[in-house]
Amino acid sequence: MTDELPPWREITTDDYAPRIFTDLGSLEAWIASSETLRLLLVRQHEGEFRLRLILREGVDLRWGPTADPNWRWDYAHGPELALDAAEIWIERANGRRKRVDQMETRP
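> Would you explain the overall build of the chain in this entry?
Check the secondary structure of the chain and you find 2 helices and 4 strands. Each helix and strand of the chain, ordered N terminal to C terminal, gives the series β-α-β-α-β-β. Based on the C-alpha atoms only, the size of the chain along its principal axes is roughly 50 × 35 × 25 Å. Out of the 107 residues belonging to the chain, those deemed buried represent 38%.

> Before we go on, may I ask you to explain the nonpolar core in this structure?
General note: in soluble globular proteins, nonpolar side chains tend to be found buried as a group. In terms of nonpolar packing, the biggest core is built from 16 residues, with Ile11, Tyr16, Leu51, Leu53, Leu55 and Ile88 touching the most fellow members. Looking at this core, the elements with two or more residues in it are helix H1 (26-45), strand E2 (50-56) and strand E3 (87-91). Residues within four places of Tyr16 in sequence aside, it is in contact with Ile11, Phe21, Ser33, Thr36, Leu37, Leu53, His77, Gly78, Pro79 and Ala82.

> How do you make sense of the pairing of E2 when you look at a structure like this?
Side-chain positions along a regular strand alternate between the two faces of the sheet. Along E2, 6 of the 7 residues are buried, which leaves the element largely enclosed by surrounding structure. Two strands pair when backbone bridges link them, and strand E1 (residues 8-11) and E2 are joined in this way by 4 bridges, in the parallel orientation. Paired with Trp8 across the two strands is Arg50, which belongs to E2. Handedness of the crossover joining E1 and E2 through H1: right-handed. Here E2 pairs with E3 via 5 bridges, running parallel. Considered in E3, the bridge of Ile54 is made with Trp89.

Rules used in this analysis
Here the residue numbering is sequential within each chain, running from 1 through the sequence in written order. Where totals are concerned, whole chains, interfaces and linings use all residues; where local detail is concerned, this predicted model gives features only for residues with pLDDT of at least 70, and gives and counts side-chain atom pairs only at 80 or more. Side-chain descriptors were evaluated using all non-hydrogen atoms of the structure, hydrogens and water having been removed beforehand. Elements are defined by DSSP. Helices are runs of H or I of four residues or more, strands are runs of E of two residues or more, and each kind is numbered from the N terminus. Here's how the labels work: a residue is buried when its accessible area is under 20% of the maximum for its type, exposed when over 50%, partly exposed in between, all with a 1.4 Å probe on protein chains only. Think of a nonpolar core as a cluster: buried Ala, Val, Leu, Ile, Met, Phe, Trp, Tyr and Cys residues, connected wherever their side-chain atoms sit within 4.5 Å. Contacts between residues were defined by any pair of non-hydrogen atoms, one from each residue, lying within 4.5 Å. Whether two strands pair comes down to DSSP finding at least two bridges between them. Seen with the strands pointing away from the viewer, any crossover whose path from the first strand over the helix to the second strand runs clockwise is right-handed.

In short, the description is geometric, and any link to function would need to be established separately.
Now the structure itself:
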């Protein structure tokens, strides 16, 4: 038996978001997105890899005067299942990354 952890697999919303299912209606796209995430999470649970969700400021940040690029809840992450990834990071517009999966309050 080995204590070695599975490798990381980084995903972005481009890998599963409802917007990538352009040939489906909005409800069907949400269902397809959820199923894609579910299958990735099953593979994570089985130990194939650990998921690292990367939310990108330039793509996923919700628009609005109070949108905070440092706060994960201000990002459109798609189905809630996405937040079950082993780690969640924000990639700022300048390319720098910050781990945010353990933040309980706004920075």
